[in-house]
Structure formats: C-alpha cells, structure tokens
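Chain by chain, the residues:
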Amino acid sequence: MANPNILNLTSVYGESIGEALTTTVTTDIMTVASNKLLKINYIQVANDHASTTTVVTVAIVKAGFTSAGIGSGEDNAATIYLCSTVDCPADDVLVVLDKPIYLMEGDVLEGGANPATADIFISYEVIDDA
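A quick note: this is a predicted structure, and the numbers were derived from the prediction, not measured. (Residues numbered from 1 in each chain as written. Predicted model: local features only at pLDDT ≥ 70, side-chain atom pairs only at ≥ 80, totals over all residues. Heavy atoms only, no water.)

A. Geometry of a negative patch on the surface. Residues D48, D91, D92 and D119 make up a contiguous surface patch of negative charge. Tracing the backbone through its elements, the reader meets D48 in the loop between β3 (37–47) and β4 (54–61). Given the relative accessible area of 51%, D48 is considered exposed. (Patch = residues over 30% accessible without salt bridge, like charges linked within 9 Å, V, L, I, M, F, W, Y side chains within 5 Å. Areas by Shrake-Rupley, 256 points an atom, 1.4 Å probe, with all protein chains shown as cover. Salt bridge = Lys/Arg side-chain N within 4 Å of Asp/Glu carboxyl O. Lys, Arg positive; Asp, Glu negative; His and termini not counted. Charge placed at Lys NZ, Arg CZ, Asp CG, Glu CD. Helix = DSSP H or I, 4+ residues; strand = E, 2+ residues; numbered from the N terminus. Buried < 20%, exposed > 50% of the residue type's maximum accessible area, 1.4 Å probe, protein only.)

Here it is in structure tokens:
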C-alpha cells in the first residue's frame, strides 16, 4: 500500500504518542508500518528543564516511491527536516508542525534534542484501505 486510495478506506484510527528525546538527532521516533498511511496532524516538543535551552531537530526519512502525482522519474527518497537545530527555551514549547502531512509505509520520523531535556508529542491518524 505504498500510496493508498483514501477514498476506499477500511479504517481510520486517531492516535498519539509521546517520548523523551535523546541527544542523538537521528533516533527513530516512529516508523510507518506496512500497508498503512499516517496523517500527522500535530507535533510539539516541550523543554521541561527550568533553566536550560535545548536544541531540537525533527526530520522525516522518506522511504521513497514514485507517485502518480509527480513527474516521471521523480523520487521522493530523502531526509526532510521539519526543524533543524532550533532552540527551544527552558520551560517552553516548540510547535514543529500544526498542519497535516502524510507519511507513507516505511517512512521514519526521527529526532533529538541537545541537551536531552525535551519530550516530543505527536498526534496522528492511522489510515488503512485493506
């Protein structure tokens, strides 16, 4: 289901996850399962340290496929940064994404913060046409 027809859905489940970020900015946060499409609705990072700014990076590693919607020979395999080394002040929240995007099967959302004083929260929908 690399690119499902979302007019023929069998299920859509609203979900959310959160986890502490590590200092490794390429840490996998979520990987889209086979035969699924994720609609990411919102991503935020909260720095829970009282006095230290943290530097946040969040990226999508696209698995790559050729879509019927783009030119022949075009491939979207790449690492795409939603934010790269952005300061998140102490006791503050960084809104990384507040407009929906889609992640295809095999795509990976990764990120980290240095120092590791931040938590990431992601609200999303799991879409299935099976």
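This is not the end of the story, as more comes after the structure.
B. The pairing of strand β8 (residues 108–114), seen in detail. With six of seven residues buried, β8 lies mostly within the body of the structure. In this sheet, β8 lies alongside strand β2 (residues 27–31) in antiparallel orientation, the contact comprising four bridges. Paired with T31 across the strands is V108, a residue of β8. Pairing of β4 with β8, which is carried by seven bridges, proceeds in the antiparallel orientation. Residue pairing for β8: A59 is matched across the bridge by E110. (Pairing = 2+ DSSP bridges.)

C. How the structure looks around the nonpolar core. I40 and I122 are the most contacted members of the largest nonpolar core, which has 24 residues in total. With five residues, the top contributor of residues to this core is strand β9 (residues 118–128). Those residues in contact with I40 that sit more than four places away from it in its chain are M30, L97, K99, P100, I101, L103, I122, S123 and Y124. (Core = buried A, V, L, I, M, F, W, Y, C linked by side-chain atoms within 4.5 Å. Contact = heavy atoms within 4.5 Å.)

D. Expanded view of the pattern of salt bridges. This model, assessed by the stated rule, comprises three salt bridges. Here D128 makes a salt bridge to K36, at a shortest N to O gap of 2.4 Å. Of the two residues, D128 is situated in strand β9 and K36 in the loop between β2 and β3; the sequence distance between them amounts to 92 residues. What makes D128 buried here is its relative accessible area of 9%. When the shortest N-O distance is used, the salt bridge between K62 and D107 registers 2.7 Å. Pair noted here: K62 is in the loop between β4 and β5 (79–88) and D107 is in the loop between β7 (101–103) and β8, with a separation of 45 residues, a long-range link. Here K62 falls in the buried class, since its relative accessible area comes to 13%. Overall, the relative accessible area of 1% leaves D107 in the buried class.

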